[in-house]
Amino acid sequence: MSISTNIWVWIAALLTLAIYSFLYKDNVFYKIAEKILVGVSIGYLLSVYWHNTIIAKVWNPLVQDKNFLVIIPLILGLLMFSRLFKGRAYISRIPIAFVVGTATGMSVPSSFENLFKQVQGTMPTVFSFGNIVILVGVITTLVYFFFSLEHKGFIGKVSKVGITFIMIGFGAAFGATIMARISLFIGRIQFLLRDWLGVIQ
Amino acid sequence: MKKLCYLLLIMLLVGAYPALHAQTGTMPLDPDTAYSDTIPTEIVLRAEDTPNDAGSAITVTWECNDNLPSGLITIVRINGEEESIVAEDLMLTKEQVRDTDVADDKEYSYYGIITSPDNKYYRTKDSNPAKSEAQWFNTDRTDSFVAVLFITLVFVWFIQQAKKGKSFYIRKINGLDAIEEAVGRSTEMGKPIMYILGIGYVTDIPTIAGLTILSRVAKKAAEYDTSVLVPCYDPVVMTTAQEVVKESFTEAGRPDAYQKEDTMYITQDQFGYAAGVDGMMMREKPGAVFLQGLFFAESLILAETGHSIGAIQIAGTTETAQLPFFVAACDYTLIGEEMMAASVYMDKNPLMLGSIVAEDMVKVLIIVILFIGLLLGILGPGLGIDIFNNWFEWLIRII
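Residues numbered from 1 in each chain as written. Chains lettered and ligands numbered in written order. Predicted model: local features only at pLDDT ≥ 70, side-chain atom pairs only at ≥ 80, totals over all residues. Heavy atoms only, no water.

Let us now look at the overall build of chain B. A tally of helices and strands in chain B yields 13 helices and 13 strands. The 399 residues of chain B split such that 48% are buried. Considering only contacts in chain B between residues 6 or more positions apart, those separated by 24 or more positions represent 67%. Entry remark: accessible area of chain B is about 19,700 Å², with carbon and sulfur atoms responsible for 58%. (Helix = DSSP H or I, 4+ residues; strand = E, 2+ residues; numbered from the N terminus. Buried < 20%, exposed > 50% of the residue type's maximum accessible area, 1.4 Å probe, protein only. Contact = heavy atoms within 4.5 Å. Areas by Shrake-Rupley, 256 points an atom, 1.4 Å probe, with all protein chains shown as cover.)

Here you go:
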């Protein structure tokens, strides 16, 4: 057993234990770790935005490359600060509307491409049991998402088959994700026992 | 003595320079001195503007069809007197590289330096000159364009039907019916409501759907005089959520009850956000928790904490990997498109109901295409009948 002498390993280990203490109940150690995590992440992200956005996307193109088109997004960004002035806060709706509208428009072609890929992927190129199950699953799931028809009679039965397929899919996804989470937990325990306490090799 | 040391140091640096230079692996760019005169294979480089892009890209292609299949090629851009490497040591079999570091409407040509398996260099002839330019229309997306036009027509037709007075039906969505119950329960307990929009941005469709549901929840909360806590991951989402809550309180006739500070920014770090929201949940103990938006790995952490404090939970997301956790830990879950239908369901606006019917018609169309694909798949690739095989391939191609 050789306990770590690295101060950073100690800090990481104690913060890990502080976060895990939440499993017992909300307590002062969790509160300290929570505040550190939130505060450090905000500070870190602020510096990332400063370098990757303000410097790289505004200052350098404007001052070094003399690309004055950057002024348009710069003004839109600055309009967000109107929220600081009572009575002028509504101006911030302009950049928000621009961002939401542009992103929604841009998502249209990619959404259709995804739709086509899914339809194409469902087409059975080989007549097999697996392919038929996929096809039945897709069609019944689509029926479950019919909103303008009452789910009664034939439609009701088909949509029940659809929700059964959905739940089977959820069960499989749940199991797979839990396995991934357990491997993350094992990684943390290994850190505590090996890197910090030196109990295991 | 000191001078001698300096002299030795300079000699050492001068002597070490070629070795250091060789270590970097930089290839000499002068064809007259470094390359073999004979090219064992006639590789011709062709340069052309990359089609269907926003400009600033030229595609360089070549054919590797003879005795250098395992050779490497370095593509060099010629810009007047200036030469620079575009891509280094590519497999000759790659046969294509895209130069994305060019200016539009400026001529460039290229040559390749081929490294043979026995480590000899050969220089190809210069390619044809080419200019890059942006295209207005991406022909690769013609199918999407046609689909958008068709689906728009379907939507317009059904909305017109609604305008003419035709009434449409929308089925029951339990999760949305439970909103009033959840808000009422919180009010009775004298506790606030917590509305979590997840870690999406305002450009994500689930976040926009979450904001729509927030307007309904906030209006109900204002009517019942209950506060709504909205911890946010993104500053722009926070700003939008503040506007939504404020408008809902005003619509409910309670603008005085609106508290701007109740819609707050936490952090833009995924687990920092989860830790912050969890802590807030434990301290504020909301009677109802809404998880509506885009969620990833933090979904179960949030839903489990909400469950542990005994809050009624209504979740909704389009992330299929996170839905199982919501189904397991929450009282009601809006699955994928149910979330998108929320705005129509809550308002029951006849025009918007028309759009829901149009959406269902598109699903019917997809089912029809799948059935046609099944039939053609059985008769074509399955039974090997040529004509159906051709039709099946044609169907796959147009999709």
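Chain A puts 57 residues into the contact, and the matching count from chain B is 68 residues. For the pair chain A and chain B, the summed buried surface comes to about 5,500 Å²; carbon and sulfur atoms form 72% of the total. Along the contact surface separating chain A from chain B lie six salt bridges. Ionic pairing is found between A:Arg93 and B:Glu247, a salt bridge with its closest N-O pair at 3.7 Å. Where chain A packs against chain B, one counts 19 residue pairs in polar contact (both at pLDDT 80 or more). Listed by contribution, the elements that provide at least two residues to the side of chain A that touches chain B are helix H2 (28-64), helix H4 (93-122), helix H5 (129-144) and helix H6 (153-196) of chain A. At 16 residues, H4(A) tops the list of elements feeding residues into the side of chain A that touches chain B. Within the side of chain A that touches chain B, the residues separate by chemical class into 38 nonpolar, 10 polar and nine charged. (Buried area = accessible area lost by both parts, 1.4 Å probe. Salt bridge = Lys/Arg side-chain N within 4 Å of Asp/Glu carboxyl O. Polar contact = N/O pair within 3.5 Å; in protein donor to acceptor, adjacent residues only side chain to side chain. Nonpolar A, V, L, I, M, F, W, Y, C, P; charged D, E, K, R; others polar.)

Residue and element names in this part refer to chain A. The topology assignment puts alanine 56 in helix H2. Taking relative accessible area as the criterion, alanine 56 reaches 38% and is therefore assigned partly exposed. In this structure the C-alpha to C-alpha distance between alanine 56 and threonine 164, which are 108 residues apart in sequence, comes to 50 Å. Filtering out sequence-adjacent residues up to four positions away, alanine 56 remains in contact with His51 and Pro61.

Let's shift gears to the sheet that holds strand E12 (residues 312-317) of chain B. Pairing between the strands of a sheet is mediated by backbone hydrogen bonds and can be parallel or antiparallel. Residues and elements named next belong to chain B. Spatially, E10-E9-E8-E11-E12-E13 is the arrangement adopted by the six strands of the open sheet, whose pairing is parallel. Edge strands, defined here as strands with exactly one partner in the open sheet, are strand E10 (263-265) and strand E13 (332-335). On average, each strand axis in the sheet is inclined to that of its neighbour by 15 degrees, with strand direction left out of account. In terms of strand pairing, strand E9 (residues 228-232) meets E10 through three bridges, oriented parallel. Among the inter-strand pairings, cysteine 232 is bridged to a residue of E10, identified as tyrosine 265. (Pairing = 2+ DSSP bridges. Axes fitted to C-alpha atoms, helices over the stretch in contact; angles between N-to-C directions.)

Before going further, it helps to spend a moment on the packing of aromatic side chains. The way to describe two aromatic rings as a pair is by their centre distance and the angle between their planes. Under the definition given, this model contains 15 aromatic pairs over all chains. Judged by centre distance (5.1 Å) and plane angle (80 degrees), the rings of A:Tyr144 and A:Phe145 are edge-to-face. For A:Tyr144, a relative accessible area of 13% translates into the label buried. Residue classification places A:Phe145 among the buried residues on the basis of a relative accessible area of 12%. Between B:Tyr233 and B:Tyr273 the ring centres are 5.8 Å apart and the planes differ by 80 degrees, which places this aromatic pair in the edge-to-face class. Here B:Tyr273 lies in helix H7 (residues 270-284) and B:Tyr233 lies in the loop between E9 and helix H6 (235-251), a separation of 40 residues in the sequence. Residue B:Tyr233 shares its accessibility class with B:Tyr273, and that shared class is buried. Note that A:Arg188 overlies the ring of A:Phe191, its terminal NZ or CZ placed 4.5 Å from the centroid. A cation over a ring is seen here: B:Arg171 above A:Tyr144, with NZ or CZ 5.0 Å from the ring centre. (Phe/Tyr/Trp six-rings, centres within 6.5 Å; stacked < 30°, edge-to-face > 60°. Lys NZ or Arg CZ within 6 Å of the ring centre and 35° of its normal.)

Topologically, B:Thr59 is positioned in strand E2 (residues 58-61). Filtering out sequence-adjacent residues up to four positions away, B:Thr59 remains in contact with B:Arg46, B:Ala47, B:Glu48, B:Thr50, B:Gln96, B:Val97 and B:Arg98.

All names here are of chain B. With respect to the helices, strands and loops of the structure, aspartate 177 is situated in helix H4 (residues 174-189). Separated by 199 residues in the primary sequence, aspartate 177 and leucine 376 place their C-alpha atoms 43 Å from one another. Discounting chain neighbours no more than four positions away, the residues touching aspartate 177 are Lys172 and Tyr345.

This paragraph deals with unusual backbone geometry. Residue and element names in this part refer to chain B. Non-glycine residue aspartate 225 carries a positive phi angle of around 60 degrees. Tracing the sequence through the fold places aspartate 225 in the loop between helix H5 (205-223) and E9. Judged by relative accessible area, aspartate 225 falls into the exposed class, the value being 53%.

Residue and element names in this part refer to chain B. The buried fraction of E9 amounts to five of the five residues, a majority that puts the element mostly inside the structure. Across the two faces of E9 the burial is the same, with Val228, Val230 and Cys232 and Leu229 and Pro231 all buried. One ladder, built from two bridges, connects strand E8 (residues 193-198) with E9; its direction is parallel. When the bridges of E9 are listed, methionine 194 appears paired with leucine 229. Handedness of the β-α-β unit built from E8, H5 and E9 comes out right-handed. For the crossover that starts at E9, traverses H6 and ends in the parallel E10, the hand is right-handed. (Right-handed = clockwise from strand over helix to strand, strands pointing away.)

Turning our attention to the pairing of strand E4 (residues 82-91) of chain B. Alignment of strand E3 (residues 72-79) of chain B against E4(B), held across seven bridges, turns out to be antiparallel. Bridge assignment links B:Ile73 to a residue of E4(B), and that residue is B:Leu90.

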